[in-house]
Amino acid sequence: FGSRSERRPAVSKVFVIADLHFGHEKVAELRGFTDAQKHDDAIVCAWNRVVTKRDVVYVLGDVFNLERVPELHGTKKLVLGNHDQRPARVYVELFSQIRAMMEFDGCILTHIPVHPNQFTRYELNVHGHTHAHRVSIVDRDDPDLRYIPTSAEHCEGWAPMLLRDLIQRRRRQRATPSSNEGQS
């Protein structure tokens, strides 16, 4: 019989989000905020509401201003974006890993969506960069279901999303006969 003090530690969760754009006045305005401070406060609050210190968060680029990163719960892994242009030593202090891309469960995690020829190696592309937009099938307006956008605009209430749930949901969508699979 175990005592109450022998409780198992909580299992960590894995989240993903992209395009935080901390301190970016123009992006804050486009997202409906009156200023970058309110925008940044909303993202930090939403993040810390769902992420614990034991969790892992893949940040798929464009953090922009790094001053608020220490406030964010969890172990943070950064895929560099086009706005992440500081010296590497600066990111090393804030993120446990810094890469141009990462892999997770047969998927490629990037900031900018990958070229379709990468789908011979990876099943799906979890990405940022497109903000409120989605990658569409060439010559159609239908979303290409091989791509999973994770820009903050796609996150409910600006909070990071559970990565495995996103991948599993997309796999189910692609498995249904009515889904469109994109062009190879």
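Criteria and thresholds
Residues numbered from 1 in each chain as written. Predicted model: local features only at pLDDT ≥ 70, side-chain atom pairs only at ≥ 80, totals over all residues. Heavy atoms only, no water. Core = buried A, V, L, I, M, F, W, Y, C linked by side-chain atoms within 4.5 Å. Buried < 20%, exposed > 50% of the residue type's maximum accessible area, 1.4 Å probe, protein only. Helix = DSSP H or I, 4+ residues; strand = E, 2+ residues; numbered from the N terminus. Contact = heavy atoms within 4.5 Å. Pairing = 2+ DSSP bridges. Axes fitted to C-alpha atoms, helices over the stretch in contact; angles between N-to-C directions. pLDDT = per-residue confidence, 0-100. Salt bridge = Lys/Arg side-chain N within 4 Å of Asp/Glu carboxyl O. Expected span 1.5 Å × (residues − 1). Lys, Arg positive; Asp, Glu negative; His and termini not counted. Polar contact = N/O pair within 3.5 Å; in protein donor to acceptor, adjacent residues only side chain to side chain.

Examining the nonpolar core
Of all hydrophobic cores here, the largest spans 42 residues; its most connected members are Y58, V63, L109 and V126. When contributions to this core are tallied by element, the ones reaching two or more residues are β1 (14–17), α2 (36–50), β2 (56–59), β3 (75–79), β5 (102–104), β6 (107–109), β7 (124–127) and α4 (163–175). Considering every element that reaches this core, the biggest residue donor is α2, with 5 residues. Non-local contacts of Y58, meaning those with residues more than four positions away in its chain, are made with V14, F15, V16, I17, K77, M102, F104, L109 and L163. By size, the runner-up hydrophobic cluster in this structure holds 6 residues, among which are I108, V114, F119 and V135.

Here's the deal with the sheet that holds strand β8 (residues 147–149)
The 4 strands are arranged β5-β6-β7-β8 in an open sheet whose pairing can be described as mixed. Of all strands in the sheet, those with a lone pairing partner are β5 and β8, marking the two edges. Neighbour-to-neighbour, the strand axes of this sheet turn through a mean angle of 25°, independent of strand direction. The pairing of β6 with β7 spans 3 bridges and is parallel. For C107, the partnering residue across the bridge sits in β7 and is L124. α4 contacts β5, β6, β7 and β8 of the sheet and is inclined by roughly 140° relative to β7.

Notes on the confidence of the model for the protein chain
On average, residues of the protein chain score 91 in pLDDT, and 90% of them are at 70 or above. Within the model, pLDDT remains below 50 along residues 1–5, and this stretch shows 0 contacts once partners closer than five positions in the same chain are excluded.

Thoughts on the pattern of salt bridges
If you walk through the whole model with that rule in mind, you get 9 salt bridges. Salt-bridge contacts for K38 lead to D35; the nearest nitrogen and oxygen are separated by 3.5 Å. Members of the salt-bridge network, linked through shared partners, are D105, E123, R164 and R171.

Examining α2
A rise of 1.5 Å per residue sets the reference length of α2, with its 15 residues, at 21 Å; its end C-alpha atoms lie 22 Å apart and thus fit the reference within 8%. Among the structural elements, β1, α1 (25–30), β2 and β3 are those in contact with the buried residues of α2.

Let's talk about the side chain of K77
Position of K77 among the secondary structure elements: in strand β3. Of the side chains with opposite charge, E103 comes closest to the buried, unpaired K77, at an N-O distance of 12 Å. At a separation of 3.4 Å, a polar atom in the side chain of K77 contacts the side chain of Q97. Setting aside its immediate chain neighbours within four residues, K77 contacts V56, V57, Y58, V59, F95, S96, Q97 and M102.

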